[in-house]
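Listed here are the chains, written in short residue letters.
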Amino acid sequence: MGLEKDSFSFFPFGALFCLTLFCLVAVRIYTVRHRCTDHGQKERNIDLILKSRMAKGELDEKEYHRLNDLLTK
């Protein structure tokens, strides 16, 4: 009986540890997914800006490709 009583007193700490571990994993997954989507949006924004500048006549095709290669590295 003494062993069961000692393991029961550890229960709140074990549950707290599991909850903390779960939260850390959830935050890590969120940051990884957010970083990947943020990078994709950045490349699309660069492409949209360069395409609009080319449409306005500010850039020619050669300059568009040079800037696109430079900014997406």
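Use the structure listed above.
Residues numbered from 1 in each chain as written. Predicted model: local features only at pLDDT ≥ 70, side-chain atom pairs only at ≥ 80, totals over all residues. Heavy atoms only, no water.

Peer 1: When you look at the pattern of salt bridges in this model, what are you seeing that I'm missing?
Peer 2: Pairing between side chains of opposite charge can happen when the charged atoms of each approach one another. Taken as a whole and judged by the stated rule, the model has three salt bridges. The partner of Glu58 in a salt bridge is Arg53, and the shortest N-O contact between them spans 2.9 Å. Assessed through its relative accessible area of 46%, Glu58 is described here as partly exposed. A salt bridge links Glu63 to Arg66; the nearest nitrogen and oxygen atoms lie 2.8 Å apart. On the criterion of helical spacing, the pair formed by Glu63 and Arg66 is a turn pair, its members being three residues apart in helix α2 (residues 61-71). (Salt bridge = Lys/Arg side-chain N within 4 Å of Asp/Glu carboxyl O. Buried < 20%, exposed > 50% of the residue type's maximum accessible area, 1.4 Å probe, protein only. Helix = DSSP H or I, 4+ residues; strand = E, 2+ residues; numbered from the N terminus.)

Peer 1: So what exactly am I meant to see when it comes to the nonpolar core here?
Peer 2: One recurring pattern in soluble globular proteins is that nonpolar side chains are buried together. Listed in full, the five residues of the largest apolar core are Ile46, Leu50, Leu59, Tyr64 and Leu67. Sorting the residues of this core by element identifies α1 (2-56) and α2 as the ones contributing at least two each. In this structure, Leu50 is in contact with Leu59, Tyr64, Leu67 and Asn68, ignoring residues within four places of it in sequence. (Core = buried A, V, L, I, M, F, W, Y, C linked by side-chain atoms within 4.5 Å. Contact = heavy atoms within 4.5 Å.)

Peer 1: Looking at this structure, I do not really get a nonpolar patch on the surface. What am I missing?
Peer 2: A surface patch of nonpolar side chains, about 400 Å² in accessible area, is lined by Phe17, Leu21, Val25 and Ile29. Looking at the secondary structure, you find Leu21 in helix α1. (Patch = residues over 30% accessible without salt bridge, like charges linked within 9 Å, V, L, I, M, F, W, Y side chains within 5 Å. Areas by Shrake-Rupley, 256 points an atom, 1.4 Å probe, with all protein chains shown as cover.)

Peer 1: Explain the side chain of Asn68 to me, please; I cannot follow it from the model alone.
Peer 2: One can find Asn68 in helix α2. When its relative accessible area of 17% is taken as the criterion, Asn68 is described as buried. Here Asn68 is in contact with Ile46, Asp47 and Leu50, once residues within four sequence places are set aside.

Peer 1: Is there a simple way to think about α2 in this case?
Peer 2: Since there are 3.6 residues in each turn of an α-helix, residues three or four apart along the chain are aligned in direction. When we look at burial in α2, the residues that qualify are Tyr64, Leu67 and Asn68. Mapping the buried residues of α2 onto a view down its axis gives an arc of 100°, with all of them on the same face. (Arc of directions from axis to C-beta.)

Peer 1: What exactly am I supposed to notice about the environment of Met54 here?
Peer 2: Tracing the sequence through the fold places Met54 in helix α1. A residue is classified by how much of its surface remains accessible, and Met54, at 33% relative accessible area, is partly exposed. Remark: the alpha-carbon pair of Met54 and Tyr64, spanning 10 residues in sequence, is separated by 6.9 Å. For Met54, the contacting residues outside a window of four places in its chain are Leu59, Asp60, Glu61 and Tyr64.

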